[in-house]
Amino acid sequence: MASVPTPAWKTYPTVASTNDTLKWSWYCDAPYCYFYIFDADSTQIYTTMLADESGFGSYSFAQSTTVLGLEAGVKYHARVNGFDPPDYGASASTPVFSVFAAPTVSIVTPTSDYVVASSPVTAQWTVGSSVDILSQRITLSDATSAVVYSDAVPAGARAVDFPVSTFREGRTYRLSITVTDVNRIASTAVSTGITADYSAPPAAPTITV
């Protein structure tokens, strides 16, 4: 039976990026050892076989982030173990890393419970992110969840004009704006209860001399 390696972690970043590398030193007298990643609930989400017994190992996320299915804000642990499961090596005493901070999206207008009194309507939002934005999509659906309007938006845009006939009198809508960054991490902002009411008389004009 193989001895169980105990990693001495050289590097475990608090935030992983596509260029981060986990590094550890370990010893395993088995023909092969294995590297595992577990999420916060101790669910195994990734494993790969290691044939290098030199006493030093590393794993880079540069090419494997999508394969791993890592989620923003989740804490992950990594282990190395010998050929004979379930004798896992010791985990680091703290989470090994957490994944990219997701972009933040906030809808400026129309917000939830917004009343559309005139046309056309412009959707506006703000985006905060530590990396570049890859893509954006805006979607408007009605009370039956039928999509009324959906379109891809240029990465740098922060406003979209809806077609004049989009909002129908007396109907209720749900607006969502999804932003995806270059790490393929997506965030969505939602406004609900948007209604169209064109029956109210316009405000009386004022004149200043």
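See the structure shown above.
About the cut-offs
Residues numbered from 1 in each chain as written. Predicted model: local features only at pLDDT ≥ 70, side-chain atom pairs only at ≥ 80, totals over all residues. Heavy atoms only, no water. Phe/Tyr/Trp six-rings, centres within 6.5 Å; stacked < 30°, edge-to-face > 60°. Buried < 20%, exposed > 50% of the residue type's maximum accessible area, 1.4 Å probe, protein only. Pairing = 2+ DSSP bridges. Helix = DSSP H or I, 4+ residues; strand = E, 2+ residues; numbered from the N terminus. Contact = heavy atoms within 4.5 Å.

K.L.:
How should I be thinking about the packing of aromatic side chains in this particular structure?
P.N.:
Pairs of aromatic rings are described using the distance from one ring centre to the other and the angle between the two planes. Evaluation of the coordinates by the stated rule reveals three aromatic pairs. On the numbers, 5.4 Å between centres and 90 degrees between planes, the contact of F162 with F167 is edge-to-face. Pair check on accessibility: F162 and F167 agree, each one buried. Aromatic side chains F167 and Y173 sit 5.1 Å apart centroid to centroid with 75 degrees between the ring planes, which places their arrangement in the edge-to-face category. The same class applies to F167 and to Y173, which are both buried. By the ring-pair criterion, three or more aromatic residues cluster together here, those being Y149, F162, F167 and Y173.

K.L.:
Whenever I open this one, the sheet that holds strand β15 (residues 172-181) confuses me. Can you help?
P.N.:
Working definition: the strands of a sheet are paired by backbone hydrogen bonds and lie parallel or antiparallel to each other. The strand order β10-β16-β15-β12-β13 describes an open sheet built from five strands, whose pairing is mixed. Sheet topology places β10 (115-116) and β13 (147-153) at the edges, where each strand pairs with a single neighbour. Across two bridges, the pairing between β10 and strand β16 (residues 186-196) is parallel. Among the inter-strand pairings, V116 is bridged to a residue of β16, identified as A196.

K.L.:
Teacher, can you tell me more about the pairing of β13 here?
P.N.:
A regular strand places its side chains so that they alternate between the two faces of the sheet. By the bridge criterion, six bridges tie strand β12 (residues 133-142) to β13 in an arrangement that is antiparallel. Within β13, the position partnered with Q136 by the bridge is V153. Between β12 and β13, which pair antiparallel and follow one another directly, the connecting turn spans four residues, one of which, S145, has a positive phi of 70 degrees.

K.L.:
I tried to follow the side chain of S141 on my own but got confused; where do I start?
P.N.:
Along the chain, the position of S141 falls in strand β12. Looking at S141, the relative accessible area reads 10%, which means it is buried. When sequence neighbours within four positions are dropped, the list of residues in contact with S141 reads A146, V147, V148, T172, Y173 and R174.

None of this, on its own, says anything about what the molecule does.
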